[in-house]
Amino acid sequence: MDPQGKSVFLTGGAQGLGRGIVEKLLSLGAKVLFCDVDVERGKATESELQTQYGADVVFFHPADVSDDEQHKAAFGMAVSKFETVDICVNNAGILNESNWEKVMAINAGAVIRGSLLALEHMRRDRGGRGGVIINVASIAGLNVNPACPTYCASKHAVIGFTTSWAMSPGQKDHAVRWCCLCPDAMETSMLKVTDIHYPEMLEEYLKDNGVMSVSQVADAVMKLIQDPDNNGAILEVTLKKGARYRRRQVVDRDGVNDLVIMDTY
Ligand SMILES: NC(=O)C1=CN([C@@H]2O[C@H](COP(=O)(O)OP(=O)(O)OC[C@H]3O[C@@H](n4cnc5c(N)ncnc54)[C@H](O)[C@@H]3O)[C@@H](O)[C@H]2O)C=CC1
Ligand SMILES: CCCCCC(=O)/C=C/C=C\C=C\C=C\[C@@H](O)[C@@H](O)CCCC(=O)O
């Protein structure tokens, strides 16, 4: 899908990756309404982006996406501003191993709610125009890491949910494309989080694998949006290997036990 002239709803856009994606979409001619729980930063970002791209193409709406009513109101605001939402990016996420309920509510719960809101609005078999749903997971959704088991669980949930909907027998009638983004570590405020187990493990991990710029990952999101044939895609983005599609392959090794491996294509 060409972002030019399209309408976008994005969560967690005040800073970090969310803001990076908003900026790329605006530069490609899309209109964006983003929400965030950080009201001060959200307003400041809105004002900076309106100055750069125009007051009628980017809007901030305060919302905590772990709250059902606030999340629905924010999505509804995008629909009422633009009449339709073509692209929904469920990006808001946290890393906090001291509060697993909150992590699951934001990283998994709000991604599920946001996806279902978008599906209901977009699905062509119920009068919508079709669209794309991009759910932000992480490399942590493909791997395991003892420093952040709850975060890993929440990101595995995002991938399972998104790729399952992508395989729905009704997907062609819905005309809604489902994609997951799995970046490795990026230079955002999340890197300052200390509420993790064994911080030295993550420090070591970051030393070995490096840290990407937000812009590099936001470029990969444009690839996900623009590729019309990638329903069910899991796009991994790492410093060493760049952006590449991954898929789960079931290998029948001995006629009895299936082995699930991650394949690249
Ligand atoms: N920074 C990294 O290394 C990586 C981050 N990710 C994922 O990327 C996404 C964005 O994270 P970053 O930009 O790195 O973090 P960030 O902390 O810089 O930005 C996250 C934004 O989401 C907002 N947010 C948090 N909870 C919210 C809520 N309940 N309702 C509404 N907004 C909320 C925050 O206020 C913030 O503006 C997350 O899903 C994260 O898990 C994935 C892989 C690597
Ligand atoms: C599971 C591995 C990759 C996961 C990538 C991801 O989705 C998110 C990573 C986010 C943050 C990682 C932070 C690591 C921090 C530690 O190195 C910590 O000890 C840093 C302390 C910073 C400080 O004291 O200012």
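Residues numbered from 1 in each chain as written. Chains lettered and ligands numbered in written order. Predicted model: local features only at pLDDT ≥ 70, side-chain atom pairs only at ≥ 80, totals over all residues. Heavy atoms only, no water.

Mind showing me how you'd approach the overall build of the chain here?
Helices and strands together make up the secondary structure of the chain, namely eight helices and nine strands. Here the C-alpha radius of gyration of the chain, 18 Å, is about what a compact globule of 265 residues would show, namely 18 Å. Oriented by its inertia axes, the alpha-carbon framework of the chain measures out at about 55 × 45 × 30 Å. The buried share of the chain, reckoned over its 265 residues, is 50%. For the chain, long-range pairs separated by at least 24 residues make up 66% of all intrachain contacts whose partners lie at least 6 apart in sequence. Surface summary for the chain: the accessible area is close to 12,200 Å², and the carbon and sulfur share equals 51%. Taken together, the 27 basic and 34 acidic charged side chains of the chain have centroids lying 4 Å from each other. (Helix = DSSP H or I, 4+ residues; strand = E, 2+ residues; numbered from the N terminus. Rg over C-alpha atoms; globule rule 2.2 N^0.38 Å. Buried < 20%, exposed > 50% of the residue type's maximum accessible area, 1.4 Å probe, protein only. Contact = heavy atoms within 4.5 Å. Areas by Shrake-Rupley, 256 points an atom, 1.4 Å probe, with all protein chains shown as cover. Lys, Arg positive; Asp, Glu negative; His and termini not counted. Charge placed at Lys NZ, Arg CZ, Asp CG, Glu CD.)

I'm lost on the environment of Ser 98 in this one. Help?
Here Ser 98 shows up in the loop between β4 (87–90) and α4 (100–122). Judged by its relative accessible area of 55%, Ser 98 falls in the exposed class. Measuring from C-alpha to C-alpha, the distance between Ser 98 and Cys 148 comes to 9.9 Å, with 50 residues separating the pair along the chain. Within the structure, the side chain of Ser 98 is placed 2.6 Å from the side chain of Asp 195, a separation counted as a polar contact. (Polar contact = N/O pair within 3.5 Å; in protein donor to acceptor, adjacent residues only side chain to side chain.)

Would you mind going over the pairing of β4 with me for this structure?
Two faces belong to every sheet, and in a regular strand the side chains alternate between them. Going residue by residue along β4, you find Ile 87 and Val 89 tucked away on one face and Cys 88 and Asn 90 tucked away on the opposite face as well. Pairing geometry for strand β1 (residues 7–11) and β4, over three bridges, is parallel. Paired with Phe 9 across the bridge in β4 is Cys 88. Remark: the β4/α4/strand β5 (residues 131–136) crossover connection has right-handed handedness. (Pairing = 2+ DSSP bridges. Right-handed = clockwise from strand over helix to strand, strands pointing away.)

Please explain the site of ligand 1 as it appears in this structure.
Around ligand 1 lies a shell of 28 residues, among which Asp 36, Asn 91, Tyr 151, Met 186 and Thr 188 are the nearest. Asn 91 is positioned with one of its backbone polar atoms (N or O) 2.8 Å from an oxygen atom of ligand 1. The backbone of Met 186 places a nitrogen or oxygen atom 2.7 Å from an oxygen atom of ligand 1. Here ligand 1, which alone exposes 820 Å², has 93% of that area covered by the protein. When residues of the shell around ligand 1 are traced back to their parent elements, those giving at least two are α1 (16–27) and α5 (149–166). Broken down by class, the residue content of the shell around ligand 1 amounts to 15 nonpolar, eight polar and five charged. (Near = heavy atom within 4 Å. Nonpolar A, V, L, I, M, F, W, Y, C, P; charged D, E, K, R; others polar.)

Help me out: how do you make sense of the packing of α4 against α5 in this one?
Packed helices, taken two at a time, are described by the angle between their axes plus the distance between the axes. Viewed as axis vectors pointing N to C, α4 and α5 meet at an angle of 15°, and their least axial separation amounts to 8 Å. In this view, α4 runs roughly parallel relative to α5, as classed from their interaxial angle. Of the two elements, α4 crosses α5, and the hand of that crossing is right-handed. Residues Trp 100, Val 103, Met 104, Asn 107, Ala 108, Val 111, Ile 112, Ser 115, Leu 116 and Leu 119 of α4 form the contact with α5, whose own contacting residues are Thr 150, Tyr 151, Ser 154, Lys 155, Ala 157, Val 158, Phe 161 and Trp 165. Each residue belonging to the contact of α4 with α5 can be placed in one class, and the counts come to 13 nonpolar, four polar and one charged. (Axes fitted to C-alpha atoms, helices over the stretch in contact; angles between N-to-C directions. Parallel < 35°, antiparallel > 145°, perpendicular 65-115°, else oblique. Left-handed = near helix turned anticlockwise from the far one by under 90°.)

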